[in-house]
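Inside the fold
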Amino acid sequence: MRYCGVHRLQAVIRALRNLDDTLPLQTMACFLEVVQHDEDGPTIGELASKLNLAASSASRNVAALSKWHWQKRPGLGLVDTVEDRMNLRKKGSSGFCVGDVDDPG
C-alpha cells in the first residue's frame, strides 16, 4: 500500500468515527467493501463470504450503515439496500460517498 493510500484510509476511518465513535471494525470493513463497487453492490451473502462473516452479521452491519439500524434506531445513511423482488431472501447493497476525501499526497 502506497503512503498516500494510508493517508486516504486514515481519512475515511476518521470520517466514519466522526459519524459514530463506537463504530465496530466489522462495520467499517463492510462499508469499505460496499463502496468499492459501482452502482450494484454485493448481496448480503456475497459480502458475508468476502469478509468471512455470518450472513446475519453482514446483514446487521449493512443495516447499521443504512437508513435504519437493526436496533430500531436511525442508521448512518451511508448504504442503500435493495431487495430482489423475485427472491425476497436476497438483499443487495450499494454505497455512496457523502463528500469527498481529499488526497493529501
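Values in this document were obtained by computation on a predicted structure and should not be read as measured data.

**Quick notes on unusual backbone geometry**
The phi dihedral of Asn52 falls on the positive side, at around 60 degrees, and the residue is not glycine. Along the polypeptide, Asn52 turns up in the loop between α3 (44-51) and α4 (55-65). On the basis of relative accessible area, Asn52 is assigned to the exposed category, the value being 73%.

**Side note on the confidence of the model for the protein**
For the protein, mean pLDDT is 78; residues scoring 70 or higher make up 75% of the total. Per-element confidence in the protein ranges from a low mean pLDDT of 55 for strand β2 (residues 87-95) to a high of 92 for helix α2 (residues 25-35). The model gives residues 96-105 a pLDDT under 50, and that stretch makes 14 contacts with residues more than four places away or in other chains.

**What about the layout of surface pockets?**
By volume, the second largest pocket amounts to about 250 Å³. Lining the second largest pocket we find 17 residues, and of these Pro24, Thr27, Ala64, His69 and Trp70 sit closest to its centre. Secondary-structure elements contributing two or more residues to the lining of the second largest pocket are α2 and α4. It is α4 that provides the largest number of residues to the lining of the second largest pocket, a total of four residues. Classifying every residue of the lining of the second largest pocket gives six nonpolar, eight polar and three charged.

**A word on the nonpolar core**
Among the nonpolar cores identified, the biggest contains 16 residues, and Leu16, Phe31, Leu47, Ala58, Leu65, Leu78 and Val79 are the most heavily contacted of them. Of all the secondary structure elements, the ones that give two or more residues to this core are α1 (3-19), α2, α3 and α4. Tallying contributions element by element places α2 first for this core, with four residues. For Leu47, the residues in contact, after removing those within four places along its chain, are Cys30, Glu33, Val34, Pro42, Ala58 and Val62.

**Focus on the side chain of Asn61**
Mapping Asn61 onto the fold places it in helix α4. For Asn61, the side chain forms a polar contact with the main-chain oxygen of Ser57, separated by 2.8 Å. Beyond its immediate stretch of four places on either side in the chain, Asn61 contacts Gln26, Thr27, Cys30 and Leu53.

Reading the values: the criteria
Residues numbered from 1 in each chain as written. Predicted model: local features only at pLDDT ≥ 70, side-chain atom pairs only at ≥ 80, totals over all residues. Heavy atoms only, no water. Helix = DSSP H or I, 4+ residues; strand = E, 2+ residues; numbered from the N terminus. Buried < 20%, exposed > 50% of the residue type's maximum accessible area, 1.4 Å probe, protein only. pLDDT = per-residue confidence, 0-100. Contact = heavy atoms within 4.5 Å. 1 Å grid on protein atoms, 1.4 Å probe; cavity = no way out; pocket = protein on both sides within 12 Å on 5 of 7 lines; lining within 4 Å. Points joined across faces, edges and corners; volume = space filled by probe spheres on them. Nonpolar A, V, L, I, M, F, W, Y, C, P; charged D, E, K, R; others polar. Core = buried A, V, L, I, M, F, W, Y, C linked by side-chain atoms within 4.5 Å. Polar contact = N/O pair within 3.5 Å; in protein donor to acceptor, adjacent residues only side chain to side chain.

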